[in-house]
Amino acid sequence: SVSLKGRHLLTLADYTKEEIMKIINDAIKLKDMQKKGVTHHYLKGKSIAMIFEKLSTRTRVSFEVGMIQLGGHALFLGKDDLQMGRGETVEDTAKVLSRFVDGIMIRAYSHDSVVQLANNSSVPVINGLTDDYHPCQVLADLMTLYEAKGSLEGKKLAYVGDGNNMTHSLMIGCAKIGVHCSIAAPKGYEPKQAIVEKAQEIAKETGAKIEITNDPKEAVNGADAVYTDVWTSMGWEEEQQQRLKAFADFQVNSELMAAADQEAVFLHCLPAHRGEEVSAEVIDGPQSLVFDEAENRLHVQKALMVALMAD
Ligand code: CP
Ligand code: NVA
């Protein structure tokens, strides 16, 4: 049987297909227990520290509520609440927090600082988004697609928009599971080449196709899921005007959805900007699963915390 006890989750590249599917399947069980009101205090008496350098709605609330539902406790630590905000090192912060808590979740700008935190922590560290990756979101995305379609292998996910942290984690998650992944980004906004190559390398094990194009119609052709994300991520606000122009032809709207499979679902990690990366009629329309997807953050992160932190 698969055990993840004591592990970190920095990117999905570190997890096997079986480990990822275990988390998703456990999440489905926990979701059912929660809906039926069955107590599931698998983390009774445990604490998780949540460090946030960037803003958050879903990640913060889902981890905090998830921990409460598991019988544990979560501490919200904004960057300016910690001595890290006055220059205490990531290393010392990791060593000190490890003496107090059973796990650490961190949302940071630099992925390297999360790696450094993990290298100095004796308790599991969970990546709650960096400039380069967002693995927890992709666990929820794969769970949502699995629930909607009944299987994942051989399905096709198209991502249209900015080649960002979401794109990177989607490529890796899809490659691991055997979901074909087509990315359409404007020239100059493609995902990082090194991460594309890494995903393509991983995909060899599962037969997933990982493709990059500058043509949204080509990417969504026959897709079972169409995914997009904001054109301006947290940390890139200064480029907003220039990005509005660069991405003008990359909106997911009814016309683009019509080029996907007839039964295609629409996914978005949220927060969304209606009228920019997605039209209101798509995100608020019948193909959209964005609120199930957001809800699944709760269930999948509960499964993850149990897997990493339970006795
Ligand atoms: N999707 C997501 O991570 O949302 P938050 O930024 O609100 O946490
Ligand atoms: N790419 C977005 C995702 C937000 C959940 C950002 O980094 O701001």
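Position labels on residues start from 1 in each chain and follow its written sequence. To read the labels, note that chains go from A and ligands from 1, taken in the order they are written. Residue-level local features of this predicted model are given only where pLDDT is at least 70; pairs of side-chain atoms are given and counted only at 80 or more, and the full residue set underlies all totals for whole chains, interfaces and linings.

1. Some details on unusual backbone geometry
For clarity, the threshold we go by: A run of H or I in DSSP counts as a helix once it spans at least four residues, and a run of E counts as a strand once it spans at least two, with each numbered from the N terminus. Residue burial is a threshold on neighbouring C-beta atoms within 10 Å of the residue's own C-beta, all placed from the backbone, with 20 or more meaning buried, 12 or fewer meaning exposed, and counts in between meaning partly exposed.
Along the chain, Leu270 connects to Pro271 via a cis peptide bond; the corresponding omega equals 5°. You will see that Leu129, though not glycine, has its phi angle at about 115°, which is positive. Along the chain, Leu129 turns up in the loop between β4 (125-127) and α5 (135-149). Among the residues examined, Leu129 registers 28 C-beta atoms within 10 Å and is labelled buried. Phi is positive for Leu270, close to 65°, though the residue is something other than glycine.

2. Concerning the site of ligand 1
In plain terms, the rule: We call a residue near a molecule or strand if the C-beta atom, set from the backbone, is within 6 Å of it. Residues are grouped as follows: nonpolar covers Ala, Val, Leu, Ile, Met, Phe, Trp, Tyr, Cys and Pro; charged covers Asp, Glu, Lys and Arg; every other residue, Gly included, is treated as polar. Domain extents, as shown, originate in an automatic or database domain assignment.
The environment of ligand 1 is made up of Ser56, Thr57, Arg58, Thr59, Leu129, Gln137, Cys269 and Leu270. Considered class by class, the residues forming the shell around ligand 1 number three nonpolar, four polar and one charged. Inspection of the shell around ligand 1 shows a minimum of three residues originating in each of domain 1 (12-133 + 297-309) and domain 2 (137-293).

3. Things to note about the packing of helix α1 (residues 17-36) against helix α12 (residues 290-309)
Inclusion rule: Axis lines are fitted through C-alpha atoms, for helices just across the contact stretch, and the angle between N-to-C directions can take any value from 0 to 180 degrees. Crossing handedness is defined as follows: a turn of the near helix away from the far one that is anticlockwise and smaller than a right angle gives a left-handed crossing, while the clockwise case is right-handed. Residue pairs are scored as contacts if the distance between their C-beta atoms, which are placed from the backbone, is within 7 Å.
Contact geometry for α1 and α12: axes closest at 8 Å, N-to-C directions at 115°. Handedness of the crossing formed by α1 with α12: right-handed. Between α1 and α12, the residues in contact are Ile23, Ile24, Asp26, Ala27, Leu30 and Lys31 and Asn296, His299, Val300, Lys302, Ala303, Leu304, Val306 and Ala307, respectively. Grouping the constituent residues of the contact of α1 with α12 by class yields nine nonpolar, two polar and three charged.

4. Description of the domain arrangement of the chain
Here the chain is partitioned into domain 1 (12-133 + 297-309) and domain 2 (137-293). Placing a centre on the C-alpha atoms of domain 1 and another on those of domain 2 gives a separation of 24 Å. The interface is formed by 20 residues belonging to domain 1 together with 20 residues belonging to domain 2. Per-element accounting of the side of domain 1 that touches domain 2 gives the leading share, five residues, to α1. Looking at side-chain class alone, the side of domain 1 that touches domain 2 contains twelve nonpolar, two polar and six charged residues.

5. Quick notes on the site of ligand 2
Contacts to ligand 2 come from Leu129, Asn164, Asn165, Met166, Asp229, Val230, Ser233, Met234 and Cys269. Considered class by class, the residues forming the shell around ligand 2 number five nonpolar, three polar and one charged.

6. Quick word on the packing of α1 against α5
Test applied: Roughly parallel means an angle under 35 degrees; roughly antiparallel, over 145; roughly perpendicular, 65 to 115; everything else is oblique.
Look at α1 against α5: their axes get within 10 Å of each other, and the N-to-C directions meet at 65°. Relative to α5, the element α1 lies roughly perpendicular. The two elements α1 and α5 meet at a crossing, and its hand is right-handed. Facing Ile23, Ile24 and Ala27 of α1, the residues of α5 in contact are Leu139, Leu142, Met143 and Tyr146. Among the residues forming the contact of α1 with α5, the class breakdown is seven nonpolar, no polar and no charged.

7. Quick word on the environment of Arg243
In this fold, Arg243 is placed in helix α9 (residues 240-246). Look at Arg243 and you get buried, because 20 C-beta atoms sit within 10 Å. Taking the C-alpha atoms as reference, Arg243 lies 6.9 Å from Thr232; in sequence the two are eleven residues apart. Ignoring sequence-local partners within four residues, the contact set of Arg243 consists of Trp231 and Thr232.

8. Overview of the sheet that holds strand β3 (residues 103-107)
Formally: Here a strand pair is declared whenever DSSP counts at least two bridges between the two strands.
Here we have four strands laid out as an open sheet, ordered β2-β1-β3-β4, and parallel in their pairing. Whereas interior strands pair on both sides, the edge strands pair on one side only; in this sheet they are β2 (73-78) and β4. Across this sheet, the average inter-strand angle for adjacent strands is 20°, counted without regard to direction. In the sheet, β3 pairs with β4 via three bridges, with the strands oriented parallel. Across the sheet, the residue bridging to Met105 is Ile126, located in β4. Contacting β1 (47-52), β2 and β3, helix α2 (residues 58-69) crosses the sheet at an angle of about 155° to β2.

9. Examining α5
The line we're drawing: The span you would expect from a helix comes to 1.5 Å times its residue count less one.
The first and last C-alpha atoms of α5 sit 21 Å apart over 15 residues, in line with the 21 Å expected at 1.5 Å per residue. Across the 15 residues that make up α5, a large majority, twelve, are buried. Where α5 is concerned, the buried positions are Pro135, Cys136, Gln137, Val138, Leu139, Ala140, Asp141, Leu142, Met143, Thr144, Leu145 and Tyr146. Positive backbone phi, approximately 85°, marks Gly150, located one or two places after α5.

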